[in-house]
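Remarks on the overall topology
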Amino acid sequence: MIPDFDLVVIGSGPGGYVCAIKAAQLGLKVACIEGQKSPGGTCLNVGCIPSKALLHASEAYHESTQNFSKMGIEIETPKVNWSQMLKYKNEMIAQNTQGIELLFKKNKIKHIVGWAKIISPTSIKVGKQLISASNIVIATGSKPSPFTGATPDGKIIVDSTGALNLQEIPKKLIVIGGGVIGLEMSSVFNRIGTEVTVIEYLDHIAVGMDKEISKSFLRILKKQGMNFIFNSAVNNIKVKDNIALIDYLSRSNSTKSTLSANVVLIATGRRPFTDGLGLEDINVATNNTGQIIVNEKLQTNHPNIFAIGDVTTGPMLAHKAEDEGIAVAEQLAGQESLLNYNLVPSVIYTSPEVSSVGKTEQELKDEQIEFKVGKFSFMGNGRAKVNFSSDGFVKILADKKSDKILGAHIIGPGAGDIIHEICVAMEFGASTEDIARTCHAHPTVSEAVREAALACLD
Ligand code: NAI
């Protein structure tokens, strides 16, 4: 019997929809099953896109209060209209998700709304509907890790989804976890007048980040008015008279303390979302954190079932999921595909932004690779100064002998954009001299990348 589809993709986040579209463009008959009414997954509905809308709006407000008068722009005291800010955010979600629906139509992808259960390696059930497929891609993403000390109520105790839909701006916000979500959402509320305190289990923010950048980042966020409590584990949250009471334990001296807040955001990590998929029934192998185990071709232990994005191993980043989606589509169409996980950039969209690609200093030391470091501060960059954004620096790590670029870490204006120059350079195996000899337009913040490359040379 001929299967209904060459490929069924489960999940329509950046991994799933990109995989479906690419496979359809390469000639496969494709369906994409999505449980939520609105396609786009976490990223478009309750993650990257809405958080970036709030980051953009809050940054514009901050700019108007801090810098407008300095530049000779006189306006009445700006005010935040929170419900309009949320409306703007929701419009951005709608525009992006509608775009996916259009792309599905344009590429003749069958969009099935419903929760999928894999019945066998070639069949899937959605409600009463049975669908057969030659290949299945699991792209079901992730969800907030359960927090044993409290359950989000969407009002006073929230996870990242709830934080994007608060009915009013909280006076006091406690954020549990100084990771990417915690820091981005803290930035939004700090800028619009909330008193923000981050409680972090470790002794530093943004785990995995280059230590020097992390220190500088913390200093800048403190200067912006955010408070931090380190080495402390939050183990319990209670709500009394509409106020959250957060109990935490200091890991250095074992003292117990309690803080109160109008809202508490739990941002303690995410875990793969595989609920109801039926993985156990067909014995799809997972590891002890629930991630689906795949080989270098992204195949599970069933060769025609693939897993991509947050549901499998590697960084939980939309662009990593997209690239994996494209790789699977290309393989299914008989093409070669290549993924270089060392060149997946990461960006924190605070102000200033923080970005990173390749190895950190610590990783190079651990791998006993001899390296050199070139740094350049945005204080020395004319464009950054003009834009009142000279906090931060560019740091490039290169092989001591060959000068080949091994990693780059940026904190500063446009860090999330200018990192890509280094990604491309690294993809082509470039040296710092290659970047240093490349003409960079003046005045741009990208000149700081060239200067850091120059600083690597003698
Ligand atoms: P995370 O893993 O980045 O950070 C969680 C933090 O919470 C850690 O530093 C951990 O030490 C701390 N923590 C855990 N339990 C705690 C406790 N009981 N008390 C105090 N601190 C505690 O997780 P996050 O921020 O929730 O992000 C989840 C994923 O989403 C990440 O993998 C991230 O890469 C991804 N993401 C990426 C974005 C981007 O690329 N801009 C934006 C948002 C999310």
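What you are looking at is a predicted structure, and each value in this text was computed from that prediction instead of being measured.

What follows concerns the nonpolar core. Counting residues in hydrophobic clusters, the biggest one holds 37 residues, and the most contacted among them are Leu 54, Trp 82, Phe 189, Phe 217, Phe 228 and Leu 265. Going through the elements one at a time, helix 3 (48-66), helix 4 (82-106), strand 9 (172-176), helix 6 (180-191), strand 10 (195-199), helix 7 (211-223) and strand 15 (263-266) are the ones with two or more residues in this core. Per element, the largest residue contribution to this core is five residues, and it comes from helix 7. If you look at the next biggest cluster of nonpolar residues, it comprises 26 residues, including Leu 343, Val 357, Ala 384 and Ala 448.

In this section: the pattern of salt bridges. Using the criterion set out here, one finds 14 salt bridges in the structure. In this structure, Lys 143 and Asp 275 form a salt bridge, with 2.8 Å as the shortest nitrogen-oxygen distance. Of the two residues, Lys 143 sits in strand 7 (residues 142-144) while Asp 275 sits in the loop between strand 16 (270-272) and strand 17 (305-307), which places them 132 residues apart along the sequence. Judged by its relative accessible area of 22%, Lys 143 falls in the partly exposed class. Overall, the relative accessible area of 44% leaves Asp 275 in the partly exposed class. Here Asp 403 makes a salt bridge to Lys 372, at a shortest N to O gap of 3.0 Å.

Let us look at helix 6. Compared with the 16 Å implied by 1.5 Å per residue over twelve residues, the 17 Å span of helix 6 between its first and last C-alpha is a close match. Burial runs high along helix 6: ten of the twelve residues are buried. When we look at burial in helix 6, the residues that qualify are Gly 182, Leu 183, Glu 184, Met 185, Ser 186, Ser 187, Val 188, Phe 189, Asn 190 and Arg 191. With its phi angle positive at about 105°, Gly 193 sits one or two positions after the end of helix 6.

All right, on to a nonpolar patch on the surface then. Residues Met 71, Ile 73, Ile 75 and Phe 388 make up a contiguous nonpolar surface patch of about 340 Å² in total accessible area. Take Phe 388: it is sitting in the loop between helix 10 (382-386) and strand 21 (393-399). Among the residues examined, Phe 388 registers a relative accessible area of 37% and is labelled partly exposed.

It is worth spelling out the site of the ligand at this point. Surveying the vicinity of the ligand reveals 23 residues, the closest of which are Ile 181, Glu 184, Glu 200, Gly 269 and Val 347. Between the ligand and the protein, one listed contact pairs a nitrogen atom with a backbone N or O atom of Val 234 at 3.0 Å. Between Val 347 and the ligand, the recorded distance is 2.8 Å, taken from a backbone N or O atom to a nitrogen atom. For the ligand, whose unbound accessible area comes to 850 Å², protein coverage reaches 78%.

Take unusual backbone geometry next. In this structure, the amide linkage connecting Ser 351 to the following residue, Pro 352, adopts the cis form with an omega of 0°. Among the secondary structure elements, Pro 352 is positioned in the loop between strand 18 (346-348) and strand 19 (353-358). Each neighbour pair has its own omega, and for His 442 with Pro 443 the value is 0°, a cis peptide bond. Note that Pro 443 resides in the loop between helix 12 (432-436) and helix 13 (447-456). Located in the positive-phi region is Asp 241, a residue other than glycine, with phi close to 50°. By the secondary structure assignment, Asp 241 is in the loop between strand 12 (232-240) and strand 13 (243-250).

Topologically, Ser 250 is positioned in strand 13. What makes Ser 250 buried here is its relative accessible area of 11%. If we skip the residues at most four places from it in the chain, Ser 250 touches Asn 231, Ser 232 and Thr 255.

Cut-off values and rules
Residues numbered from 1 in each chain as written. Predicted model: local features only at pLDDT ≥ 70, side-chain atom pairs only at ≥ 80, totals over all residues. Heavy atoms only, no water. Core = buried A, V, L, I, M, F, W, Y, C linked by side-chain atoms within 4.5 Å. Buried < 20%, exposed > 50% of the residue type's maximum accessible area, 1.4 Å probe, protein only. Helix = DSSP H or I, 4+ residues; strand = E, 2+ residues; numbered from the N terminus. Salt bridge = Lys/Arg side-chain N within 4 Å of Asp/Glu carboxyl O. Expected span 1.5 Å × (residues − 1). Patch = residues over 30% accessible without salt bridge, like charges linked within 9 Å, V, L, I, M, F, W, Y side chains within 5 Å. Areas by Shrake-Rupley, 256 points an atom, 1.4 Å probe, with all protein chains shown as cover. Near = heavy atom within 4 Å. Polar contact = N/O pair within 3.5 Å; in protein donor to acceptor, adjacent residues only side chain to side chain. Contact = heavy atoms within 4.5 Å.

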